[in-house]
Amino acid sequence: SNSAGEKHMLPDVLDVPAALGSDVALNLLKENGVEAQVIDVSHANSDIFNDEDIIILGCPAMGAEMLEECEFEPFIESISSKVSGKKAVLFGSYDWGDGDWMRDWMSRMEEYGCDVIFDGLIIREALEDDCTECLELGKKIAGMLVKSSN
């Protein structure tokens with residue numbers, strides 16, 4: 001359990017893999033003419049993905065393997081009717097449990113009509129800068145975006 005003084009990692013809403021080896025992925029995208037930006041969920045409105053084909057969402061598991069409830073959960077609700085037909089990439093970290101929250105989140109996004117690609121990436125504990133799986137996912141996404149923009 002978290003002590004009161006411990007800061008929660010705030011979830012991010014990304015339309016590009018920022019937390020996923022952000023510099024590598026963003027540079028790879030930029031080199032190939034793909035514009036990308038990272039947006040914190042607290043600054044996002046429900047229209048944020050209207051013009052996007054691919055959405056990338058990251059959120060740590062909280063409590064009993066749930067999405068963060070104050071900002072992230074209401075945001076996911078708010079985009080539920082607006083993401084049908086889009087490709088979605090999901091990632092997050094957790095400290096305990098076995099990843100139920102990611103499976104639930106993937107199913108939920110699929111119910112909203114998303115095509116969830118690359119499976120949900122789950123990292124045990126907090127993200128490291130040199131997180132290999134993150135860099136790999138970042139590269140995969142960058143590669144896919146570059147293909148689709150040419």
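Since the structure is predicted, the reported quantities are computational estimates derived from the model, not experimental observations.

**Notes on the nonpolar core**
Of all hydrophobic cores here, the largest spans 26 residues; its most connected members are Leu57, Phe75, Ile76, Trp105 and Met109. For this core, the secondary structure elements donating two or more residues are β3 (54–58), α2 (72–79), β6 (87–94) and α3 (100–111). With 5 residues, α3 is the single largest residue contributor to this core. One finds Ile56, Phe91, Leu121 and Leu137 within the second-largest nonpolar core, a separate group that totals 12 residues.

**Details of the pairing of β3**
For a regular strand, side chains alternate in direction, first toward one face of the sheet and then toward the other. Here β3 lies mainly inside the structure; 5 of its 5 residues are buried. By the alternation rule, side chains of β3 split into Ile54, Ile56 and Gly58 and Ile55 and Leu57, which are all buried. Pairing analysis gives 5 bridges linking β3 to β6, with the strands arranged parallel. When the sheet's bridge partners are listed, isoleucine 56 is paired in β6 with valine 89.

**Considering the packing of α2 against α3**
One way to put it is that α2 packs onto α3 with a least axis distance of 11 Å and a crossing angle of 25°. Relative to α3, α2 is oriented roughly parallel. Seen along the crossing, α2 lies across α3 with a hand that is right-handed. Only Trp105, Arg108 and Met109 of α3 make contact with α2, whose side of the interface consists of Phe72, Glu73, Ile76, Glu77 and Ile79. Split into classes, the residues belonging to the contact of α2 with α3 amount to 5 nonpolar, no polar and 3 charged.

Definitions and cut-offs
- Residues numbered from 1 in each chain as written.
- Predicted model: local features only at pLDDT ≥ 70, side-chain atom pairs only at ≥ 80, totals over all residues.
- Heavy atoms only, no water.
- Core = buried A, V, L, I, M, F, W, Y, C linked by side-chain atoms within 4.5 Å.
- Buried < 20%, exposed > 50% of the residue type's maximum accessible area, 1.4 Å probe, protein only.
- Helix = DSSP H or I, 4+ residues; strand = E, 2+ residues; numbered from the N terminus.
- Pairing = 2+ DSSP bridges.
- Axes fitted to C-alpha atoms, helices over the stretch in contact; angles between N-to-C directions.
- Parallel < 35°, antiparallel > 145°, perpendicular 65-115°, else oblique.
- Left-handed = near helix turned anticlockwise from the far one by under 90°.
- Contact = heavy atoms within 4.5 Å.
- Nonpolar A, V, L, I, M, F, W, Y, C, P; charged D, E, K, R; others polar.

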